[in-house]
There are 2 protein chains.
Amino acid sequence: MKTYDVIVIGGGPAGLSAAIYTSRANYKTLLIDKGGCLNYKIGRVYNYLGFPEGIDGKELIQLGCKHIRLLGSETVNEEVLSVKMQDDLYVVKTNRSSYAAKGLIIAMGVEYKKIDINNLEKFEGKGISYCVTCDGFFFRGKKVFVIGSKNYAAMEALELTDYTSDITIYTNGLKPEIDEGLLEKLKAKNIELKTQRIISFTGGKKLEGIILEDGSTVKCDGVFIAIGSSSAADIALKMGIILEGGYIKVDSKQRTNLPRVYAAGDCTGGVRQIATAVGQGATAAVNLIAELKGLASADYY
Amino acid sequence: MKTYDVIVIGGGPAGLSAAIYTSRANYKTLLIDKGGCLNYKIGRVYNYLGFPEGIDGKELIQLGCKHIRLLGSETVNEEVLSVKMQDDLYVVKTNRSSYAAKGLIIAMGVEYKKIDINNLEKFEGKGISYCVTCDGFFFRGKKVFVIGSKNYAAMEALELTDYTSDITIYTNGLKPEIDEGLLEKLKAKNIELKTQRIISFTGGKKLEGIILEDGSTVKCDGVFIAIGSSSAADIALKMGIILEGGYIKVDSKQRTNLPRVYAAGDCTGGVRQIATAVGQGATAAVNLIAELKGLASADYY
């Protein structure tokens, strides 16, 4: 497994700014982004210092990619599915590979995941969960559904096999977008993929099943929501990073509650601007470098 | 007196970023900077997103000036000497004029003021003070020296005339750089300007005088240090803004302890990078706008 000093997850303005700082400081840096740091949906930016007539968001990102590569950062076009600590290193598992690093900067932005299924809130924590790492244990030997259509849902389902063998993925009407390798693993574990839309959750005090679009009820003991791609909140939840209002909680140094793990940009909430993301990325990097050096404060910088 | 929605003090990256946001949001903005926003000593910048090959600091500042003028900000090339609250407005007094505004963003950077006079620390708070507004009262009718060579020292001396008439300015070996108008006012108040270098402070439990380079001792009851130009700390001290380690104390919204007064960039401490200054300027502006609108939170933005 390839090992780095710093892994930056996310190639938007916050992640790029962080990687500029870590690679300039000679810390071996890997930036991981689904779109290979070129897939960001930013319109024209009119309020960022340096570009009086505005700059196309995509162009700004491209300049950032060029910048970090010039400075020696590596970049890969992969989706981060989980992060675990192992022998004092953080091991980042993607849809294709695994990478290890001493320090981590999470800059994954925010993704609005709309779940339009009746009774969702009623059964949250009463059969409906958002994190296999956190709650898989409660469903040992039970019949469990995973709702989602992408790699992230497949990963959650595969992680559930540690606890039970009766697992089905429901894409809830969406076309599955799961890598071939993961599909093979699902097959090997007898995890079925169903595409019917789910209308409602049903049960008494606890979740007892789901109601499909054809009106039929399918019984189950638990449901794991894993829609869309893995988000900062998904990853944070698994790692035990404290969230606040859905955002990663950081201090003024962009530090999370975990050692050598920082977060920056939209995934930490705040005013969510390019300018603030760039500033937070720099702050996270400078303070992570100080922590890796064993310095109490980054004021030396 | 010309009135604005927002006055930004300081035309470095933080101030410019703040003015971009306030003027884009249609808040009538004045940016005040000694150098007219073109006098910043920033070398080539290699770690700011958008410029993979680096950008000359001066060029970045020029782009920012162009940007805020395009958006309708006014700029003046003046030195801020004091800020006072008056009828719910902040009145900013410069070496040439006065301006009023509902909200204020302080982004004056940091200036290292080296004072190399023996026994300075020994007599701080025991005759040596840094703020006439704060401590002038203790020197009513006493013999007082102001140490400094610029407009700021002249302003402090003139403010002291509310308390005493026995005032001398010592430039401590520096050539005086004081505007003609202020020099006339000093003359009218019989405030003498002396250029001898000061070697040491002297006294017992309290300050009793200064020792000059020729070895002679000149008796006095108090000394006000007002060297260099007025700094963020100087202005903050006068306004009653809380400092921490010489820096303006702000919360995560860049808010100071005063209503509608925010601060950003190097004068607030932290890692002091272009990227962070730009982010903090944006954060300050967005949150000031929210406060001016009477909104509790800026998360709407």
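None of the values given here were measured: they were computed from a predicted structure.

Student: Looking at this structure, I do not really get the overall build of chain A. What am I missing?
Tutor: When its secondary structure is counted, chain A shows eight helices and 19 strands. A compact globule built from 301 residues should have a C-alpha radius of gyration of about 19 Å, and chain A, at 20 Å, falls within 12% of that. Taken over the C-alpha atoms alone, chain A extends approximately 60 × 45 × 35 Å along its principal axes. Counting all 301 residues of chain A, 54% fall into the buried class. Residue pairs in contact within chain A that sit at least 24 positions apart in sequence constitute 61% of those at least 6 positions apart. Surface accessibility of chain A: about 13,100 Å² in total, with carbon and sulfur atoms responsible for 47%. Of the charged side chains in chain A, 37 are positive and 34 negative, and the gap between their average positions amounts to 1 Å.

Student: Can you help me understand the confidence of the model for chain A in this one?
Tutor: Close reading of the predicted structure is inappropriate where its pLDDT is low. Residues and elements named next belong to chain A. For chain A, mean pLDDT is 92; residues scoring 70 or higher make up 96% of the total. Across residues 297-301, confidence stays below pLDDT 50; counting only partners more than four residues off in sequence or on other chains, it has 18 contacts. Predicted complex, confidence summary: ipTM 0.80, pTM 0.83.

Student: Is there a simple way to think about the state of the cysteines in this case?
Tutor: A covalent bond between the sulfur atoms of two cysteines is what we call a disulfide. Residues and elements named next belong to chain B. Within this structure, the stated rule accounts for two disulfides over all chains. With its sulfur 2.2 Å from that of its partner, Cys131 forms a disulfide with Cys134. Note on the Cys131 and Cys134 pair: the S-S dihedral is about 75°, so by sign convention the disulfide is right-handed. Here Cys131 falls in the buried class, since its relative accessible area comes to 2%.

Student: Can you help me understand the interface of chain A and chain B in this one?
Tutor: Often, the extent of an interface is quoted as the loss of accessible area upon association of its parts. Contact residues are listed per partner, giving 34 residues for chain A and 34 residues for chain B. The contact between chain A and chain B buries some 2,900 Å² in all, and 64% of this surface belongs to carbon and sulfur atoms. On the surface where chain A and chain B come into contact, there are two salt bridges. Measuring nitrogen to oxygen at the nearest pair gives 3.2 Å for the salt bridge that ties A:Lys66 to B:Glu53. Remark: the boundary between chain A and chain B carries 11 residue pairs in polar contact (both at pLDDT 80 or more). Looking at the side of chain A that touches chain B, the elements that each hand over two or more residues are helix 1 (13-24), helix 2 (57-70) and helix 8 (274-292) of chain A. Ranked by residues supplied to the side of chain A that touches chain B, first place goes to helix 8 of chain A with eight residues. A class-by-class count of the residues in the side of chain A that touches chain B yields 19 nonpolar, 11 polar and four charged.

Student: Looking at this model, I keep getting lost on the nonpolar core. Mind explaining?
Tutor: Nonpolar side chains tend toward joint burial in soluble globular proteins. Of all hydrophobic cores here, the largest spans 69 residues; its most connected members are A:Tyr48, A:Ile105, B:Tyr48 and B:Ile105. Contributing elements (two or more residues each) for this core: strand 1 (2-9), helix 1, helix 2 and helix 8 of chain A together with strand 1 (2-9), helix 1 (13-24), helix 2 (57-70) and helix 8 (274-292) of chain B. Discounting residues that sit within four places of it in the chain, A:Tyr48 has contacts with A:Leu60, A:Ile274, A:Ala275, A:Val278, B:Ile20, B:Tyr48, B:Leu49, B:His67 and B:Val278.

Student: What should I look at first to understand the sheet that holds strand 10 (residues 143-147) of chain B in this one?
Tutor: Sheet strands line up and pair through hydrogen bonds in the backbone, either parallel or antiparallel. Judged by pairing direction, the sheet is parallel, and its five strands sit side by side in the order 9-16-10-11-12 (chain B) without closing on themselves. Two strands bound the open sheet, and with one partner strand each, they are strand 9 (128-129) and strand 12 (192-194) of chain B.

Student: Looking at this structure, I do not really get the pattern of salt bridges. What am I missing?
Tutor: Considering all chains together, one arrives at 16 salt bridges over all chains under this definition. Where B:Lys102 meets B:Asp5, a salt bridge forms, and the shortest distance between an N and an O atom there is 2.9 Å. Taken as a pair, B:Lys102 in strand 8 (residues 98-106) and B:Asp5 in strand 1 lie far apart in primary sequence, 97 residues in all. Judged by its relative accessible area of 39%, B:Lys102 falls in the partly exposed class. Exposure remark for B:Asp5: the relative accessible area of 17% places this residue in the buried category. The salt bridge partner of B:Lys249 is B:Glu244, with a shortest N-O separation of 3.8 Å. Each of the salt bridges in this network shares a partner with another, and the network as a whole consists of A:Glu156, A:Glu159 and A:Lys238.

Student: Help me out: how do you make sense of unusual backbone geometry in this one?
Tutor: Excluding glycine, residues mostly carry a negative phi; peptide bonds, for their part, are mostly trans. Residue and element names in this part refer to chain B. Located in the positive-phi region is Asp88, a residue other than glycine, with phi close to 70°. Unlike most non-glycine residues, Asn119 shows phi in positive territory, near 65°. Along the chain, the position of Asn119 falls in the loop between strand 8 and helix 3 (120-123).

Student: Looking at this structure, I do not really get the packing of helix 1 of chain A against helix 2 of chain A. What am I missing?
Tutor: Angle between the axes and distance between the axes are the two parameters that describe a pair of packed helices. Residues and elements named next belong to chain A. Here helix 1 crosses helix 2 at 20°, and the two axes come no closer than 9 Å. The angle between helix 1 and helix 2 falls in the class roughly parallel. Note on packing geometry: the crossing formed by helix 1 with helix 2 is left-handed. Where helix 1 approaches helix 2, its residues Pro13, Leu16, Ala19, Ile20 and Ser23 are matched on the opposing element by Ile61, Gly64, Cys65, His67 and Ile68.

Student: Could you clarify how one ought to interpret the relation of the copies chain A and chain B in this entry?
Tutor: For the pair of chain copies, the relating operation is a rotation around an axis with a shift along it. Between chain A and chain B, the superposition needs a rotation of 179° and an axial shift of 0.0 Å, giving an RMSD of 0.1 Å. Here the two chains are linked by the operation of a two-fold rotation axis. Proximity to the rotation axis, assessed at the C-alpha, singles out A:Gly279 in chain A; its C-alpha lies 2.3 Å from the axis. Of all interface residues in chain A, 100% are interface residues in chain B too; the two copies therefore contact each other through one and the same surface.

What counts and how
Residues numbered from 1 in each chain as written. Chains lettered and ligands numbered in written order. Predicted model: local features only at pLDDT ≥ 70, side-chain atom pairs only at ≥ 80, totals over all residues. Heavy atoms only, no water. Helix = DSSP H or I, 4+ residues; strand = E, 2+ residues; numbered from the N terminus. Rg over C-alpha atoms; globule rule 2.2 N^0.38 Å. Buried < 20%, exposed > 50% of the residue type's maximum accessible area, 1.4 Å probe, protein only. Contact = heavy atoms within 4.5 Å. Areas by Shrake-Rupley, 256 points an atom, 1.4 Å probe, with all protein chains shown as cover. Lys, Arg positive; Asp, Glu negative; His and termini not counted. Charge placed at Lys NZ, Arg CZ, Asp CG, Glu CD. pLDDT = per-residue confidence, 0-100. Disulfide = S-S within 2.5 Å. Buried area = accessible area lost by both parts, 1.4 Å probe. Salt bridge = Lys/Arg side-chain N within 4 Å of Asp/Glu carboxyl O. Polar contact = N/O pair within 3.5 Å; in protein donor to acceptor, adjacent residues only side chain to side chain. Nonpolar A, V, L, I, M, F, W, Y, C, P; charged D, E, K, R; others polar. Core = buried A, V, L, I, M, F, W, Y, C linked by side-chain atoms within 4.5 Å. Pairing = 2+ DSSP bridges. Axes fitted to C-alpha atoms, helices over the stretch in contact; angles between N-to-C directions. Parallel < 35°, antiparallel > 145°, perpendicular 65-115°, else oblique. Left-handed = near helix turned anticlockwise from the far one by under 90°. Least-squares fit on C-alpha atoms with pLDDT ≥ 70 in both.

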